[in-house]
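# Breakdown of the fold
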2 protein chains.
Amino acid sequence: MEPLNHAAGFAAIIGEAHVLTRDDDKAPYLREWRDKYQGKSQIVLRPASTAEVSAVMKYAYAHHLKIVPQGGNTGLVGAQIPLETEEEIVLSLSRMNSVRAIDPDGYTITVDSGIVLETLQQEAEKADRLFPLSLGSQGSCQIGGNISSNAGGTAVLAYGNTRDLVLGLEVVLPNGDVWDGLRTLRKDNTGYDLKQLFIGGEGTLGVITAASLKLFPRPKKLEAAFAGMRDPHAALKLFSLAKAQAGPVLTGFEIMPRIGMEFCTAHLSGARDPLTAPHQWYALLELSSGSEAFPVKDLMESILAEAFEAGEVEDATIAQSVGQVTEFWRLRHGMSEVQKKEGGSIKHDVSVPVGRIPDFLDQAIAAVIGFIPGCRPVPFGHLGDGNIHFNISQPVDGDREAFLSKWDEMNALVHGIVMEFGGSISAEHGIGRMKRELLAEVKSDVELEMMRKIKAALDPKGLLNPGAMLQAQS
Amino acid sequence: MEPLNHAAGFAAIIGEAHVLTRDDDKAPYLREWRDKYQGKSQIVLRPASTAEVSAVMKYAYAHHLKIVPQGGNTGLVGAQIPLETEEEIVLSLSRMNSVRAIDPDGYTITVDSGIVLETLQQEAEKADRLFPLSLGSQGSCQIGGNISSNAGGTAVLAYGNTRDLVLGLEVVLPNGDVWDGLRTLRKDNTGYDLKQLFIGGEGTLGVITAASLKLFPRPKKLEAAFAGMRDPHAALKLFSLAKAQAGPVLTGFEIMPRIGMEFCTAHLSGARDPLTAPHQWYALLELSSGSEAFPVKDLMESILAEAFEAGEVEDATIAQSVGQVTEFWRLRHGMSEVQKKEGGSIKHDVSVPVGRIPDFLDQAIAAVIGFIPGCRPVPFGHLGDGNIHFNISQPVDGDREAFLSKWDEMNALVHGIVMEFGGSISAEHGIGRMKRELLAEVKSDVELEMMRKIKAALDPKGLLNPGAMLQAQS
């Protein structure tokens, strides 16, 4: 059962050069980029085609070998990292990175799963089309991993999660069978929509080898505004009003608290507060349109004017240049980075119904300050998606380790409130290794049982990514 | 095993008045509206709550009784009609028809599954919101049925299929367990997205009792245009150009051939051709925006001007009033009705990738005319979704029965071409009883096997709608 004994068997399928067994060669696949997870694996496999993946899986199935599929290794919950047992083999899709087909008139593209997200975006752009998925890690994450984790990002408000962008998949099943579900149809009601199980399935049901994806018209006009307000209740009103006026043209709505702005101006090189006076909360609005005909700037002014009049916005500024749009987004994207400069940070990637965000924030902020006096909540994120990165920085001059030792208790506190609000303990990052114990706590027995039945039906030997998502049944 | 022997058992759960056993009472639930399917059932059950549905299902599970869930009984493939064996019991959701909650700021609504679609649309409108699903049968179909069949309709281009509108479901499983998946979250990556199996599942995996759905801003401006062109290739170019200019503001793009227009002007009371000269093909474009600020009319003019200049459009007219918009749509919606006046009609609800519609139409039209000389193809529908209702009227003065006797052969011919084009034999109507044999022909063994495994995992006794979708394994 030692995987290493099968190195020659795999080499016969994909070539010796692509069966990595030396520590140096394997290291990049076993270490998660924040060093949060360090896995062990005797072998890393790098097949080059669907046929090779199929043959590898057939071999693994016959020999009861466990497989962890891996894309760009940028996931935040450890779903792509093997356990420490050395029983699992990493299967990297990196060598499968071609565009298979593009249909600009039909607004679709079909790609290998190992293509890097940024490359995919560029290929769409060459055809005057937009592939809207956009993430911090887009320079190295791969579309297969994005699909397996149902990645979110900053374009969800207008274009949906990765799930909403997938038209079809090609998947190699645990027994090596290839499911050709690569359709580019907008409508197809012929049986269960099987692709949905693999989207967000974290590689526990099959290995995604290719995907057909939706494309969109490229935005031709874009405006961004930065607004200051007293609290998240005002931010929600601004969102509701902006959505009513702009509909699908509202492509971004992000919020951050005053302390986030202070962290940015202190630690982000060259960053400055876009508004003259301080405000308790900020919202970043983005409007964009694929139509040259749309008076996007007029609309932004109209939204802000209505919000001023209603007393929801204290001050606001519209970006005067592309550079300033970038500056606004840099403040938002810098939030994680600047928090590192303020000591230890306990994090939550949660969602609640959009309309309940303000009440949730009121209650959760009060609760964490009650739990650790002096701690500094820095909740920010995608208000329009109901998704808040509820991060908490340690007290100033407090002890980092003492603070971080409260991680689990803090999680339990925040997640308890999230559940009261009908929310999710993992809005966009997934379950992976990090939250699999939590999953059993927040899901009903009925739901867990259904998930286990699906897993058993499609992966009866339990060979696919057994360390992720579901705990083995006891 | 006689279902009738259990009438008292069910009456104890839901009350005698709601256990229908008299032929007159049962008739509306057993006859499909076009009289295409006539089922038999000893009992029709009408529970009033999720708890009652759960108790009914527990009872049925314990006694091995088969259940056919039914909404408004408007489905087009017989999925809601029991078989003739009298072994199945119809479970109607009609009495569960309340709005459970609405959140206008968060753009969500939660309803019982038996609510009539039109009522749901009206409830959204009362809150100044849009529920975009729109079908010919909206006055009687129920949202539970729409979800179970993943209904399409005329708003798919902008808002997606029913699947895209569902945020969460409450489902009673075959064993009577209630799965509370009623979430109103825009983002939730905590395990397999189980609701997707029940959406489009045709009641074969569980009984949907409630749903949380997305709402949208109400369109505040709307423009429609009717354009004439030489062929579907020009129509595709017009679509591509309209989508590039209008993006999500393009909310409708339908096509019909000259013969369809002739049928309408001949048989649709008061209908007239919006254009002065005849054209081989027509497109109906609709632009709508939730934003008052959007110059929708200018955009429509700009799209048509560009299309004229490119030589894709021969003539076009923009509706001058709400009444004229209705007239345009009436021509499109009248297509099925007017065909009835022209004798027998053989129908197909198919899709191909959007960019391949013109080539598909060329090939399929030539093939059916070759097969039955004199037959009159009337393909029309949602070009923007790649979905064509490929209907064929009998030859003028030909024999109706002789023509209709070729139904299966004609289907095989057309579906064969659809499959060559990577298309679907059921774009929006589903499989049900009508196409279950076809399903086995067009799906790969790998896919059928996955579907059977899912069915066996969630409905191990095979009690849920056994006549629909999947054939029993031999």
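Use the structure listed above.
Residues numbered from 1 in each chain as written. Chains lettered and ligands numbered in written order. Predicted model: local features only at pLDDT ≥ 70, side-chain atom pairs only at ≥ 80, totals over all residues. Heavy atoms only, no water.

### A few points about the overall build of chain A
When helices and strands are tallied, chain A shows 18 helices and 19 strands. Over its C-alpha atoms chain A spans a radius of gyration of 23 Å, differing by no more than 12% from the 23 Å that the globule rule assigns to 474 residues. Viewed in the frame of its principal axes, chain A has a C-alpha envelope of about 70 × 55 × 45 Å. Once local pairs closer than 6 in sequence are excluded, the contacts in chain A between residues at least 24 apart make up 73%. When the accessible surface of chain A is summed, it comes to about 16,800 Å², and 49% of that surface belongs to carbon and sulfur atoms. Side-chain charges of chain A comprise 45 positive and 60 negative groups, with the mean position of each set lying 3 Å from the other. (Helix = DSSP H or I, 4+ residues; strand = E, 2+ residues; numbered from the N terminus. Rg over C-alpha atoms; globule rule 2.2 N^0.38 Å. Contact = heavy atoms within 4.5 Å. Areas by Shrake-Rupley, 256 points an atom, 1.4 Å probe, with all protein chains shown as cover. Lys, Arg positive; Asp, Glu negative; His and termini not counted. Charge placed at Lys NZ, Arg CZ, Asp CG, Glu CD.)

### A short note on the sheet that holds strand β4 (residues 88–92) of chain A
Strand pairing within a sheet occurs via backbone hydrogen bonds; the two strands may be parallel or antiparallel. Residue and element names in this part refer to chain A. Taking strand neighbours across the sheet as the criterion, the four strands line up as β1-β2-β4-β3 in an open arrangement whose pairing is mixed. Taken across any chain shown, the strands that pair with only one partner, and hence form the sheet edges, are β1 (19–20) and β3 (66–70). In the sheet, β3 pairs with β4 via five bridges, with the strands oriented parallel. For proline 69, the partnering residue across the bridge sits in β4 and is leucine 91. (Pairing = 2+ DSSP bridges.)

### Some details on helix α4 (residues 117–126) of chain B
Residues and elements named next belong to chain B. Every buried residue belonging to α4 is among Leu117, Leu120, Gln121 and Ala124, and all of these are buried. The buried residues of α4 occupy one face: seen down the axis, they fall within an arc of 100°. Where α4 is buried, its residues contact β5 (99–103), β6 (108–112), β7 (129–130), α5 (143–148) and β10 (207–214). The positive-phi residue at the C-terminal boundary of α4 is aspartate 128, with phi of around 60°. (Buried < 20%, exposed > 50% of the residue type's maximum accessible area, 1.4 Å probe, protein only. Arc of directions from axis to C-beta.)

### Some points on the sheet that holds strand β9 (residues 178–181) of chain A
Residue and element names in this part refer to chain A. Sheet architecture is open: five strands sit in the order β5-β6-β10-β8-β9, paired in antiparallel fashion. Every interior strand has two partners, whereas the edge strands, β5 (99–103) and β9, have only one. Pairs of neighbouring strands in the sheet enclose a mean axial angle of 10°, with direction left out of account. Strand direction decides the pairing type here: strand β6 (residues 108–112) and strand β10 (residues 207–214), joined by five bridges, are antiparallel. Looking at β10, one finds that valine 111 is bridged to alanine 211. (Axes fitted to C-alpha atoms, helices over the stretch in contact; angles between N-to-C directions.)

On their own, these measurements won't tell you what the molecule is for.
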